[in-house]
Amino acid sequence: MNYRAAIWLSILIGFFLAEAFPQTSRDASVDNKLIITDSLSRTISIPSKLERIISLQPELTRIIVSLGGGDKLVGLDAFLRRYDALFKMYYPKVSRLPLVSMTGADVNIEMVLELRPDVIFASPFEFHIPDSLQNKIRKPVVALASMGRFKSLIQEIELVGGLIGQRERASELIQYFKQKIEFVRNSVASIPQDERPKVYLSFWASLTKTPVFYEPVNAAGGVNIAEGLLPSFLGTTETVIHLEEIIQRNPDFILVQGNFLPEERMVTVEQVLQDARLGSVKAVKDRKVFYTFGFWSWWDPAEVLLETLYLASLLYPEKFGQINLEKEGNEIFKKFYGMENGFSLLSGILKCNEWNKN
Amino acid sequence: MSGIRTKKIGLLSTLILILPIFVLVLSLTIGSYPISPKNLLKTLASGIVSVFKHSPPSIYHDIVFRIRFPRLLLALAVGASLSVSGASLQAFFRNPLVNEYILGISSGSAFGAALSLVFLGKGFPVQLAAFFFAVIAVLAVFLIAGSSDAPIVSLLLTGVIVSAFFSALLALVEYFANPYALQALFFWLMGSLSLATWREISLSLPLMVLGIGVLILLRWRMNVLSMSSDEARALGIDVRRENMLVIVATALTTASATAVAGIISWVGLIVPHMVRMMVGVDNRRVIPLSAAFGASFLMLADDITRGLTSFEIPIGIFTNIIGIPLFIFLLKKSAKVWL
């Protein structure tokens, strides 16, 4: 492995720089302005109370809505309206809000100016966008993302809560989030590392694309077999693994991202189970190949909690088998979005009841 | 040509022709999963004849016969296809800068793949859509240019136009694609051999072999087609028919390779040039040797992408990275070799 490390030294440096992305902080308050450092380490001065927000970052949009700030949103990108069936149900206003961008990168500047936002939330992935947009419209553009880390997600909720005048609500959600995660973590804490099940995650519509870091697996007492690998795409947690690596690391479980409409799934559990190349992998031999929610570039805080509980029940049925996921899921969605039977609806859309019938 | 030079070329040609066998054997030893040479030999032997008392673990069988072999066979076939197509089209167009994608095949197949991934879903496989639109692109070139014996410049320019048109359509599909399909599409566009299976090989290999076979059979006529049409006619060649055969065979070869492996650039440009540097410009040698050398080239390139990192680097990126400096080097070294 040494030669690999030597060859990719420069990439590692880039990776560590990228790891700095989730570090967000509220640095200081000056008059009615707040100085914050975003995920791209940019220092930005923004109004300490926001009334008009454009969000091009779905994770932040969901957080704003969950904190009760949905009425402050004046413009969005197209992601949630086009690809998140559930979001439309708990935030119907999304279909009436102006779309200022299709992809998050192609912003309609004139429309943005017309909407007079106090701030624009953007994604740190399109790292050229925030500065260029800010220079053009002379309004603060903040790039934030949790990058799949609980701690960063909590920081985001706290920061946004402060900015939209919902500190108490933010504290309440953070408390709830931490309590649920701690429950799972404490339940598996005594299990030695070498006895924890090894998990391979097939994400992003590909058998060989996998996250090198996925906190719900760790929290649920599993070991992600790709953890520690270098990401193929710098600044992300995504890598494309060799099939031989999967066989060599021999996971006990293979989890396929199932957070798609059934007709959109590019990789299915059935395909993995029938893939002769993986015939010697323990998970395939034991038929422990399941769907899981996973995430795209963006997390939904409610779904992250649900995912952690779901994974715990999958990896340790003897410990968590009693959890009623539908009841828990509905409670979580109610807590975050005030929505009755949110998980049941999501489950119906994703056909979760058909997920794990092997 | 002096006797020594002829002997040297003969020796080089033999070496190039047998090179893929050595590269294939070497490549079988490379991969993330450690298999000792002894176990590899045992696995290979047990795969051929099952008389061994102590057959190796089944995991070795899976790795060698289900992962490495199909992948290498695909690399071999795709490398040979792209190189032979490149060499043939360079001879046909009498232009050393022409590549295997000049007739709009890459843009056509990319658009087909995009259409399949974004709109058509699993009902219409990516490979089939890519192949279909690659053929449509070539047909469009013919229709617009007028015929297969249209002036070379007309065909070249029409190829550029058709490529641009399909690129625009691709951009349009990308714009409306959902992020999930877009990810899969980007991966496909970068070219990869990582998901090779026997099924894909059984579908694409016969087409590639057929195309390569036809082009190899036509190799001596390519020397004649490299002259002007009048000269070729004076030598008794049916220019229209031969042109049609060359174009159909290169389209078949490139489209079937691209459909299954994505867009792998530069192979059809640099391999024929390297071959010409070694054995001269006679297409009777260049065409078959390009097949052998291209096969070895792509297998070696794939070895590097498989052995260098724990993660998969799309081979299209790699051939781009090494292809450009290599081409500059060849250009400087062999400016006078081509014609």
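Being a predicted model, the structure only gives us computed values, none of them experimental. (Residues numbered from 1 in each chain as written. Chains lettered and ligands numbered in written order. Predicted model: local features only at pLDDT ≥ 70, side-chain atom pairs only at ≥ 80, totals over all residues. Heavy atoms only, no water.)

## Details of the overall build of chain B
1) Next: When helices and strands are tallied, chain B shows 14 helices and zero strands.
2) Next: Shown N-terminal to C-terminal, the secondary structure of chain B runs as helices and strands in the order α-α-α-α-α-α-α-α-α-α-α-α-α-α.
3) Next: Its C-alpha atoms give chain B principal-axis dimensions of roughly 65 × 60 × 35 Å.
4) Next: Taken over 339 residues, chain B has a buried fraction of 56%.
5) Next: A separation of at least 24 residues holds for 78% of the contacts in chain B among residues at least 6 apart in sequence.
6) Next: Within the structure as shown, chain B displays about 14400 Å² of accessible surface, and the carbon and sulfur contribution to it stands at 72%.
7) Next: Of the side chains in chain B, 24 bear a positive and 13 a negative charge, and the two mean positions are spaced by 10 Å. (Helix = DSSP H or I, 4+ residues; strand = E, 2+ residues; numbered from the N terminus. Buried < 20%, exposed > 50% of the residue type's maximum accessible area, 1.4 Å probe, protein only. Contact = heavy atoms within 4.5 Å. Areas by Shrake-Rupley, 256 points an atom, 1.4 Å probe, with all protein chains shown as cover. Lys, Arg positive; Asp, Glu negative; His and termini not counted. Charge placed at Lys NZ, Arg CZ, Asp CG, Glu CD.)

## A few points about the sheet that holds strand S11 (residues 223-224) of chain A
Residue and element names in this part refer to chain A.
1) Next: As summarised here, the arrangement of the four strands in space is S11-S9-S13-S14, forming an open sheet in which the pairing is parallel. Sheet topology places S11 and strand S14 (289-292) at the edges, where each strand pairs with a single neighbour.
2) Next: As defined by bridge partners, strand S13 (residues 253-257) adjoins S14 across four bridges and the pair is classed as parallel. Bridge pairing links leucine 255 to phenylalanine 290 in S14.
3) Next: Strands in contact with helix H14 (residues 301-315) are strand S9 (198-202), S13 and S14; relative to S14, the strand with the most contacts, it is inclined by about 165 degrees. (Pairing = 2+ DSSP bridges. Axes fitted to C-alpha atoms, helices over the stretch in contact; angles between N-to-C directions.)

## Let's talk about the confidence of the model for chain B
1) Next: Within chain B, residue pLDDT values average 85, and 94% of them lie at 70 or more.
2) Next: When mean pLDDT is taken per element in chain B, helix H13 (residues 283-308) of chain B scores highest with 93 and helix H10 (residues 229-234) of chain B scores lowest with 76. (pLDDT = per-residue confidence, 0-100.)

## Section: empty space enclosed by the protein
Empty pockets left among the atoms are what a rolling probe the size of a water molecule brings to light.
1) Next: Counted by the stated rule, this structure contains three cavities of 30 Å³ or more.
2) Next: Lining the largest cavity we find 16 residues, and of these His242, Leu243 and Glu244 of chain A together with Ile67 and Arg71 of chain B sit closest to its centre.
3) Next: When contributions to the lining of the largest cavity are tallied by element, the ones reaching two or more residues are helix H11 (243-249) of chain A together with helix H3 (58-93) of chain B.
4) Next: Each residue belonging to the lining of the largest cavity can be placed in one class, and the counts come to four nonpolar, five polar and seven charged. (1 Å grid on protein atoms, 1.4 Å probe; cavity = no way out; pocket = protein on both sides within 12 Å on 5 of 7 lines; lining within 4 Å. Points joined across faces, edges and corners; volume = space filled by probe spheres on them. Nonpolar A, V, L, I, M, F, W, Y, C, P; charged D, E, K, R; others polar.)

## Considerations on the interface of chain B and chain A
1) Next: Listed by partner, the interface residues are 36 residues for chain B and 40 residues for chain A.
2) Next: Summed over both partners, the interface of chain B with chain A buries about 3500 Å², with 61% contributed by carbon and sulfur atoms.
3) Next: The tally of links from chain B across to chain A stands at one salt bridge.
4) Next: Where chain B packs against chain A, one counts nine residue pairs in polar contact (both at pLDDT 80 or more).
5) Next: Broken down by secondary-structure element, the contributors of at least two residues to the side of chain B that touches chain A are H3, helix H6 (152-176), helix H7 (179-189) and H13 of chain B.
6) Next: Residue composition of the side of chain B that touches chain A, by class: 20 nonpolar, 10 polar and six charged. (Buried area = accessible area lost by both parts, 1.4 Å probe. Salt bridge = Lys/Arg side-chain N within 4 Å of Asp/Glu carboxyl O. Polar contact = N/O pair within 3.5 Å; in protein donor to acceptor, adjacent residues only side chain to side chain.)

## Regarding the packing of aromatic side chains
Residue and element names in this part refer to chain A.
1) Next: According to the stated counting rule, one finds 22 aromatic pairs over all chains in the structure shown.
2) Next: Judged by centre distance (5.4 Å) and plane angle (55 degrees), the rings of phenylalanine 87 and tyrosine 91 are tilted. The two residues phenylalanine 87 and tyrosine 91 agree in class, both being buried.
3) Next: Judged by centre distance (6.3 Å) and plane angle (65 degrees), the ring pair of tyrosine 176 and phenylalanine 336 falls under edge-to-face. With tyrosine 176 in helix H9 (residues 167-188) and phenylalanine 336 in helix H16 (residues 325-337), this pair connects stretches of sequence that are 160 residues apart. Each member of the pair, tyrosine 176 as well as phenylalanine 336, is classed as buried.
4) Next: Three or more aromatic residues link up through ring pairs in this structure, and these residues are Phe87, Tyr90, Tyr91, Tyr176, Phe333, Phe336 and Tyr337. (Phe/Tyr/Trp six-rings, centres within 6.5 Å; stacked < 30°, edge-to-face > 60°.)

## What to know about the sheet that holds strand S8 (residues 141-143) of chain A
Residue and element names in this part refer to chain A.
1) Next: Pairing is parallel across the open sheet formed by five strands, whose spatial order is S6-S5-S4-S7-S8. Taken across any chain shown, the strands that pair with only one partner, and hence form the sheet edges, are strand S6 (99-101) and S8. If you compare each strand with its neighbour and ignore which way they point, the axes differ by 25 degrees on average.
2) Next: Where strand S4 (residues 53-55) and strand S7 (residues 119-122) come together, three bridges link them in parallel fashion. Bridge assignment links isoleucine 53 to a residue of S7, and that residue is valine 119.
3) Next: Along the sheet, helix H3 (residues 58-66) makes contact with S4, strand S5 (73-77) and S7, crossing S5 at roughly 150 degrees.

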